[in-house]
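Single-letter residue listing:
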Amino acid sequence: MDESLIKDLVSEMTSAQLFAVWFLIGAALVFWMQAGFAMVEAGFTRAKNTGNIIMKNLMDFCIGTVVFILIGFGLLLGEDVCGLIGKPGFDIFTAYADFDFSNFLFNLVFCATTATIVSGAMAERTKFLSYCVYSAVISALIYPIEAHWIWGGGWLSQIGFHDFAGSCAIHMVGGISALIGAKMLGPRIGKFTKDAEGKITKVNAFPGHNICIGALGVFILWLGWYGFNGAACTSVEQLGSVFLTTTVAPAIATVVCMIFTWIKYGKPDVSMCLNASLAGLVGITAPCDVTDCFGAIMVGIVSGLIVVFGVWLLDYKLHIDDPVGAVAVHCMNGIWGTIAVGLFATSSAPGYSIANSSGEVIEGLFYSGSFELLGLQLVGFGAVAGWTVITMIIVFTIIKKIFGLRVSREEETIGLDATEHGLPSAYAGFAMLPEYIEEGGAAPVVVDGDVPVAEAVTVKKVPSFEQGEHKYTKIEIVCKESRFESLKSALMNVGITGMTVSHVLGCGLQKGKPEYYRGVQVEATLLPKVQVDIVVSKVPVRTVIETAKKVLYTGHIGDGKIFVYDVENVIKVRTGEEGYDALQDVE
């Protein structure tokens with residue numbers, strides 16, 4: 001045999017083995033993206049739900065693995081049946097020696113990514129059981145079937161539809177599912193303020209509790225995306241090109257978002273720029289192997305604008321509460337990335353192989369002047385989007401009927417860490433001070449207890465003494481954190497415009513609720529309360545007391561306590577005013 005031929009064969013075999021190893025490394029990088037999703041979602045939401053979010057991201061992969069073994073893998077990569085589904089089988093059990101281990105693992109981690117996108121959009125108010133059921137269904141049926149159309153030899157792959165790494169099959173599907181889930185679930189308490197007629201008049205911001213964790217999650221995801229987009233490459237040239245486009249698009253998207261938010265809001269928005277990085281990554285996922293640097297730049301520019309528009313659209317027009325921007329990032333940019341293939345695909349990209357059903361090579365509109373590829377991409381988008389919308393509406397409707405989607409108002413207020421998992425805090429040893437906002441300000445109080453108001457909200461008065469022509473009284477109100485916004489609104493309505501608010505801890509004879517960690521009861525902990533201090537002179541003390549009692553009363557022990565003290569003098573440091581004059585801007 002010719003020596004040069006032997007060298008070529010050895011080189012080819014070595015290259016094949018090398019890329020087989022890279023394929024598995026890429027799968028590991030995609031698995032590591034679960035950590036990124038968990039960090040982004042946890043950082044962009046409130047501390048009281050951190051453990052719940054981590055648990056959901058963990059179970060997305062673990063539950064997904066179970067159902068993917070049983071049915072998902074077969075539906076995705078089994079023998080094609082009419083171009084619609086793969087034939088389910090149990091080769092993983094019956095023919096393990098010849099099983100395609102690498103392909104199974106690679107597609108499993110992609111499946112888990114699809115499921116976990118929904119977690120962020122439905123965060124802070126979803127029942128954990130209901131979420132687990134959703135995660136199992138999307139991993140077992142919804143994702144594998146549409147992914148078979150694209151990657152398993154199904155009808156979309158046969159006509160020339162192209163989605164190299166999942167803008168459509170993964171991100172759009174996860175984003176549409178997130179949109180439907182968040183809409184059916186409803187907004188978090190206090191996200192939207194409504195008037196007396198129920199019309200939304202204001203959108204309230206719920207800042208994430210840890211932007212550092214959110215940023216860490218974005219960097220983890222960006223790193224994992226090199227495996228997400230690059231794992232299926234088969235040559236060094238193609239891999240290099242994919243790495244380039246996967247770097248350029250998110251970088252451009254982030255810069256565009258920074259400039260846009262700087263101009264529009266006066267300051268560059270940190271969390272929005274983090275979302276923009278992910279938006280650029282989602283947008284380039286489908287065309288990463290078929291576009292050049294110019295195409296990647298254009299994808300990034302549009303992605304950076306779409307994500308800002310998407311967040312605004314959901315908040316101010318659709319009134320759908322998406323705590324982490326999952327719909328804007330994944331749904332809208334997944335659609336954009338799918339369409340971008342039809343615009344920017346160019347045969348100058350290494351390993352270019354897009355062809356129609358006749359085997360003819362086709363390129364994007366801006367490189368060929370032909371609408372053929374764009375039309376195929378739109379067909380694929382419509383088919384996959386339609387499948388997802390119909391199936392997810394059915395899935396969430398059934399889950400809502402059987403299990404319910406949303407936790408109770410009290411559970412949401414306290415936080416899902418404590419109510420769903422028995423976890424006092426994801427940050428043991430740190431004092432977390434959650435914010436509670438009642439929907440529409442002063443929400444109506446549901447009176448369902450049997451304890452008299454005098455016992456539920458007790459009033460204690462320290463012996464009084466007179467001070468000159470004006471009398472100054474300090475009123476100290478200790479109440480549940482969940483009633484603070486209602487109390488504040490009610491006090492302002494009677495003329496109180498200034499108050500001092502402190503987070504305090506306390507317990508009565510009940511010594512707080514028992515808590516457990518790994519089955520062991522934790523020593524009784526103090527319950528969080530809010531202490532509101534106000535000083536009045538013009539506003540009658542009895543008016544303040546009766547207003548507070550009316551707002552705080554539910555009929556249960558622990559509604560609160562009100563203490564009344566005489567004050568000798570009041571001094572405003574800034575102006576030097578004393579007594580009655582010092583109080584006139586706060587009552």
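The structure under discussion appears in the preceding block.
Predicted, not measured: the structure shown is a model, and the values here were computed from it. (Residues numbered from 1 in each chain as written. Predicted model: local features only at pLDDT ≥ 70, side-chain atom pairs only at ≥ 80, totals over all residues. Heavy atoms only, no water.)

## Some remarks on the nonpolar core
Thinking step 1. In this structure, Phe-110, Tyr-134, Ile-150, Trp-225, Phe-228, Val-384 and Phe-396 are the most contacted members of the largest nonpolar core, which totals 103 residues.
Thinking step 2. Examining the composition of this core, we find that 11 residues originate from one element, helix 4 (residues 101–121), more than from any other.
Thinking step 3. Dropping the residues within four chain positions of it, Trp-225 is found in contact with Met-33, His-171, Gly-230, Thr-246, Leu-278, Leu-281, Val-282 and Thr-285.
Thinking step 4. Core analysis: the second largest hydrophobic core is formed by 20 residues, Cys-479, Leu-487, Leu-491 and Val-539 among them. (Core = buried A, V, L, I, M, F, W, Y, C linked by side-chain atoms within 4.5 Å. Buried < 20%, exposed > 50% of the residue type's maximum accessible area, 1.4 Å probe, protein only. Helix = DSSP H or I, 4+ residues; strand = E, 2+ residues; numbered from the N terminus. Contact = heavy atoms within 4.5 Å.)

## Concerning the pattern of salt bridges
Any two side chains of opposite charge can pair, so long as their charged atoms come close to each other.
Thinking step 1. Scanning the model with the defined rule gives 10 salt bridges in all.
Thinking step 2. A salt bridge links Arg-406 to Glu-412, with the nearest nitrogen and oxygen atoms 2.8 Å apart.
Thinking step 3. A salt bridge links Lys-480 to Asp-559, with the shortest nitrogen-to-oxygen separation between them at 3.8 Å. With Lys-480 in strand 6 (residues 472–480) and Asp-559 in the loop between helix 19 (541–552) and strand 11 (560–567), this residue pair connects regions lying 79 residues apart in the sequence.
Thinking step 4. Judged by its relative accessible area of 1%, Asp-559 is buried.
Thinking step 5. Here the residues in one salt-bridge network are Arg-46, Glu-124, Arg-188 and Asp-321, joined through shared partners. (Salt bridge = Lys/Arg side-chain N within 4 Å of Asp/Glu carboxyl O.)

## A closer look at the packing of helix 4 against helix 7 (residues 167–185)
Thinking step 1. One way to put it is that helix 4 packs onto helix 7 with a least axis distance of 8 Å and a crossing angle of 30°. The angle between the axes of helix 4 and helix 7 places the two elements in the roughly parallel class. For the pair helix 4 and helix 7, the crossing hand works out as right-handed. Within the contact between the two elements, helix 4 uses Phe-110, Thr-113, Thr-114, Ile-117, Val-118 and Ala-121 and helix 7 uses Ala-169, Ile-170, His-171, Val-173, Gly-174, Gly-175, Ser-177, Ala-178 and Ala-182. (Axes fitted to C-alpha atoms, helices over the stretch in contact; angles between N-to-C directions. Parallel < 35°, antiparallel > 145°, perpendicular 65-115°, else oblique. Left-handed = near helix turned anticlockwise from the far one by under 90°.)

## A short note on helix 11 (residues 293–318)
Thinking step 1. Compared with an ideal rise of 1.5 Å per residue, which puts 26 residues at 38 Å, helix 11 spans 35 Å between its outermost C-alpha atoms and is within 8% of the ideal.
Thinking step 2. The principal kink in helix 11, of about 25°, is found at Trp-312.
Thinking step 3. In this structure Asp-292 caps helix 11, since a side-chain oxygen of it lies 3.3 Å from the backbone nitrogen of Phe-294.
Thinking step 4. Of the residues one or two after helix 11, His-319 is the one with positive phi, at around 55°. (Expected span 1.5 Å × (residues − 1). Bend = angle between axes of the 7 residues up to and from the residue. Polar contact = N/O pair within 3.5 Å; in protein donor to acceptor, adjacent residues only side chain to side chain.)

## With respect to the packing of aromatic side chains
Thinking step 1. In total, this model carries 23 aromatic pairs according to the counting rule given.
Thinking step 2. Look at Phe-110 and Trp-151: their rings are 6.2 Å apart centre to centre, the planes differ by 90°, and that puts the pair in the edge-to-face class. Remark: Trp-151 occurs in helix 5 (residues 128–151) and Phe-110 occurs in helix 4; sequence separation between them is 41 residues.
Thinking step 3. Judged by centre distance (5.9 Å) and plane angle (55°), the ring pair of Trp-149 and Trp-155 falls under tilted.
Thinking step 4. Under the relative-accessibility criterion, Trp-155 is labelled partly exposed at 27%.
Thinking step 5. Linked through ring pairs, Phe-23, Phe-106, Phe-110, Trp-151, Trp-225 and Phe-228 together constitute an aromatic cluster. (Phe/Tyr/Trp six-rings, centres within 6.5 Å; stacked < 30°, edge-to-face > 60°.)

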